[in-house]
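# A structural walkthrough
Given next are the chains, with one letter for each unit.
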Amino acid sequence: MTYLIGADVGSSALKAALVHPEQGVVAISEQTYPMHRPHPDWAENDADDWYRALARAIPHVLSSAGVSAREVSALCLVGQRDIAVLLDEAGRVLAPVIHWTDRRDPEETSALYDGLGRQALIERSGTLPIPGLVLANLTWTRRHQPEVWRRVRHALQPKDYLAYRLIGDVGTDPTGPTRSVLNDWRTGTWSPESCAAAGIPREILPDVRYAPWEPRGELGGAAHEIGLLPGTVLVAGGGDDPAAALGSGVIDPGDVSIGTGSSMSWRAVDSRPRFDPTGIVGLMPHVVPDRYLHEMVAVGSGTTLRWLRSTFGGALDYAELIAGAREIARGSDGLLCFPYVEGATVPVQDDQVRAAYHGISGHHRLPHFVRATLEGISYQYPALLDVLRERGLRVDTMTISDGEARSSDWNQIKADVLGQPLVPALRVEAPSIGAAILAGLGTGAFSSARQGVDQVVEVSPRVEPAVQGTDRYRELRRQWEEVRAEVFPRFRLLVS
């Protein structure tokens with residue numbers, strides 16, 4: 001049997017997984033690129049960085065495993081759903097890609113959503129209108145860069161842009177329009193009503209043409225640029241969050257995937273769509289047949305920890321940073337963190353708020369700030385769990401994926417705060433592993449998503465909450481919420 005490659009286009013890195021249908025994951029590569037911040041609160045990606053990263057990642061996994069390109073049968077790409085690459089008639093990139101963490105004009109975005117009608121947008125899209133999504137970013141470009149806007153012929157998400165570079169195909173899958181606020185969750189494609197109301201030409205958006213597990217073509221001459229051979233099958237793929245759920249084994253009703261990358265995402269699986277009229281729980285198809293994901297995204301969580309490390313961590317990596325906080329007592333000696341470097345979405349909302357540390361004393365050092373940050377992110381968990389249950393969603397197994405799954409210390413904090421056991425994915429590159437499973441479905445290497453999960457996905461031992469930790473964190477979290485209400489009086493509480 002031949003090998004499969006899955007690649008995930010993330011905010012700051014492209015990750016590729018080389019998978020064998022019988023041996024599982026045999027090699028991983030992570031190729032980083034910068035997030036450009038030309039002005040305060042702006043965040044932009046360079047689309048060419050993604051292609052260059054793909055061209056580095058694939059040869060790297062092949063050489064690491066001693067596998068030749070002729071042994072690879074399929075490539076599948078997944079990636080961010082919230083952003084769009086703007087192309088002209090000739091397929092040239094017209095401008096930097098506005099990232100979903102961008103907050104360049106929150107007042108303008110708020111006025112846009114108010115004018116279009118927030119409830120109407122939720123009813124059609126199944127998504128809470130927040131800054132940084134495709135609708136807001138396309139509208140900003142139309143208003144502020146008319147010379148660019150006149151030349152736009154395609155607005156493609158990252159994995160669809162890479163597919164265009166590789167095989168010249170313009171199209172997407174049903175997860176593509178989700179979180180754009182330009183979609184219609186009932187039809188599984190773009191909403192003509194939302195596009196017309198916002199002044200976004202429907203024809204610049206790619207048609208939904210493939211299921212995530214279907215081939216979209218074969219690589220031609222461009223295959224050599226990324227280290228593969230012509231004839232390699234390109235499977236359609238989907239969004240990074242549903243791919244992460246698949247890549248961590250979250251495919252059945254009652255399964256919940258939790259991942260903290262730049263943001264914190266909760267994804268609950270059900271066999272039918274459960275529309276939430278408040279928009280707090282977003283709705284989208286899963287990347288496996290006959291399943292739906294119900295998603296909440298808390299922005300600013302992971303980027304708060306990233307900011308702390310890049311600003312004060314020196315040469316420490318995340319493992320070293322978190323290990324240094326191991327000896328700090330629960331509660332961080334009175335230091336509180338409110339992880340809102342890019343605003344707040346759920347369980348409280350304020351697009352313009354920013355992060356804060358509260359209660360700083362002279363004895364606090366970097367390990368205190370690290371522990372307070374880990375705790376501040378974790379304190380959001382119980383309210384999100386309550387939301388899922390209030391919406392009638394089963395919660396059986398809660399799986400932690402993404403980079404945070406590496407940290408046993410942080411996983412214990414989260415389990416204690418929740419009072420619930422957690423299952424960490426053994427390999428944290430869940431979206432790229434999910435993409436490789438889709439590559440196997442598209443070529444018949446796997447007969448079902450369940451077979452792919454059983455063959456490829458590995459998990460670590462379950463993390464049980466400590467009784468003393470749960471009792472202590474229940475009180476600490478109450479104090480954190482009381483201070484939050486005083487420090488951020490403008491917060492709109494979205495959940496009880």
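Further up the page is the structure itself.
Just so it is clear, the structure is predicted and the values come from calculations on it, not from any experiment.

About the cut-offs
- Residues numbered from 1 in each chain as written.
- Predicted model: local features only at pLDDT ≥ 70, side-chain atom pairs only at ≥ 80, totals over all residues.
- Heavy atoms only, no water.
- Salt bridge = Lys/Arg side-chain N within 4 Å of Asp/Glu carboxyl O.
- Buried < 20%, exposed > 50% of the residue type's maximum accessible area, 1.4 Å probe, protein only.
- Helix = DSSP H or I, 4+ residues; strand = E, 2+ residues; numbered from the N terminus.
- Expected span 1.5 Å × (residues − 1).
- Polar contact = N/O pair within 3.5 Å; in protein donor to acceptor, adjacent residues only side chain to side chain.
- Contact = heavy atoms within 4.5 Å.
- Pairing = 2+ DSSP bridges.
- Core = buried A, V, L, I, M, F, W, Y, C linked by side-chain atoms within 4.5 Å.
- Axes fitted to C-alpha atoms, helices over the stretch in contact; angles between N-to-C directions.
- Parallel < 35°, antiparallel > 145°, perpendicular 65-115°, else oblique.
- Nonpolar A, V, L, I, M, F, W, Y, C, P; charged D, E, K, R; others polar.
- Left-handed = near helix turned anticlockwise from the far one by under 90°.

Let us now look at the pattern of salt bridges. In this structure the tally under the stated criterion is 40 salt bridges. In this structure, Arg104 engages Asp102 in a salt bridge whose closest nitrogen and oxygen atoms are separated by 2.9 Å. Side by side, Arg104 and Asp102 carry an identical accessibility label, which is buried. In this structure, the salt-bridge partner of Glu108 is Arg143, at a minimum N-O distance of 3.6 Å. Linking Glu108 in helix H2 (residues 106–116) with Arg143 in helix H4 (residues 134–144), this pair joins segments that are 35 residues apart in sequence. Judged by relative accessible area, which is 41%, Arg143 ranks as partly exposed. One salt-bridge network, in which partners are shared between bridges, spans Lys159, Asp160, Asp169, Asp173, Arg209 and Arg216.

We now examine helix H9 (residues 301–312). Because an α-helix packs 3.6 residues into every turn, residues spaced three or four apart end up facing the same way. With 12 residues, H9 should cover 16 Å at 1.5 Å per step; its first-to-last C-alpha distance of 17 Å lies within 8% of that length. If you check which residues of H9 are buried, you get Ser301, Gly302, Thr303, Thr304, Leu305 and Leu308. Gly314, located one to two residues past H9, shows a positive phi value of around 60°.

Tracing the backbone shows Glu342 in the loop between strand E17 (336–338) and strand E18 (348–349). Within polar-contact distance, the side chain of Glu342 engages the side chain of Thr303 at 3.0 Å. Dropping the residues within four chain positions of it, Glu342 is found in contact with Arg37, Thr101, Arg103, Val299, Gly300, Thr303 and Arg354.

Judged by pairing direction, the sheet is mixed, and its six strands sit side by side in the order E15-E16-E14-E13-E20-E21 without closing on themselves. Edge positions in the sheet fall to strand E15 (282–285) and strand E21 (423–424), since each has one partner strand and no second. Relative to strand E20 (residues 397–401), strand E13 (residues 255–260) is paired through five bridges, and the arrangement is parallel. Each residue of the ladder has a partner; that of Val256, found in E20, is Met398.

Among the nonpolar cores identified, the biggest contains 70 residues, and Trp50, Leu62, Leu135 and Leu228 are the most heavily contacted of them. Sort the elements by how many residues they give to this core and helix H1 (residues 47–65) lands first, with nine residues. The residues contacting Leu62, other than those within four sequence positions of it, are Ile5, Leu18, Val67, Ser68, Ala69, Val72, Gly227 and Leu228. Ranked by size, the runner-up nonpolar core spans 54 residues in total, among them Ala268, Val281, Met296 and Phe338.

We now examine the packing of H2 against H4. At a minimum axis distance of 10 Å, the contact between H2 and H4 shows a crossing angle of 110°. Taken as axis vectors, H2 and H4 run roughly perpendicular relative to one another. Of the residues in H4, those touching H2 at Glu108, Thr109, Leu112, Tyr113 and Leu116 are Leu135, Ala136, Thr139, Trp140, Arg143 and His144. Partitioning the contact of H2 with H4 into residue classes produces six nonpolar, three polar and two charged.

With that settled, consider the pairing of strand E5 (residues 72–79). Among the eight residues that make up E5, seven are buried, leaving the element largely enclosed by the rest of the structure. Relative to strand E12 (residues 233–235), E5 runs parallel, the two sharing three bridges. Paired with Leu75 across the strands is Leu234, a residue of E12.

Taken N-terminus to C-terminus, the directions of helix H12 (residues 381–390) and helix H13 (residues 408–418) make an angle of 55°; their axes are 9 Å apart at the nearest point. In terms of axis orientation, H12 runs oblique to H13. Considering only the axes of H12 and H13, their crossing is right-handed. Contact residues: H12 offers Tyr381, Pro382 and Leu385, while H13 offers Lys414, Val417 and Leu418.

So, on to the sheet that holds strand E3 (residues 24–32). Spatially, E3-E2-E1-E5-E12-E11 is the arrangement adopted by the six strands of the open sheet, whose pairing is mixed. At either margin of the open sheet sits one strand with a lone partner, and together these are E3 and strand E11 (215–218). Ignoring strand direction, the axes of neighbouring strands in this sheet form an average angle of 20°. The strands touched by H1 within the sheet are strand E1 (3–9), strand E2 (13–20), E3 and E5, with E3 carrying the most contacts at an inclination of about 145°. Packed on one face of the sheet, helix H14 (residues 430–443) meets E1, E2, E3, E5, E11 and E12 and runs near 135° to E1.

The quantities given are spatial measurements derived from coordinates; they are silent on function.
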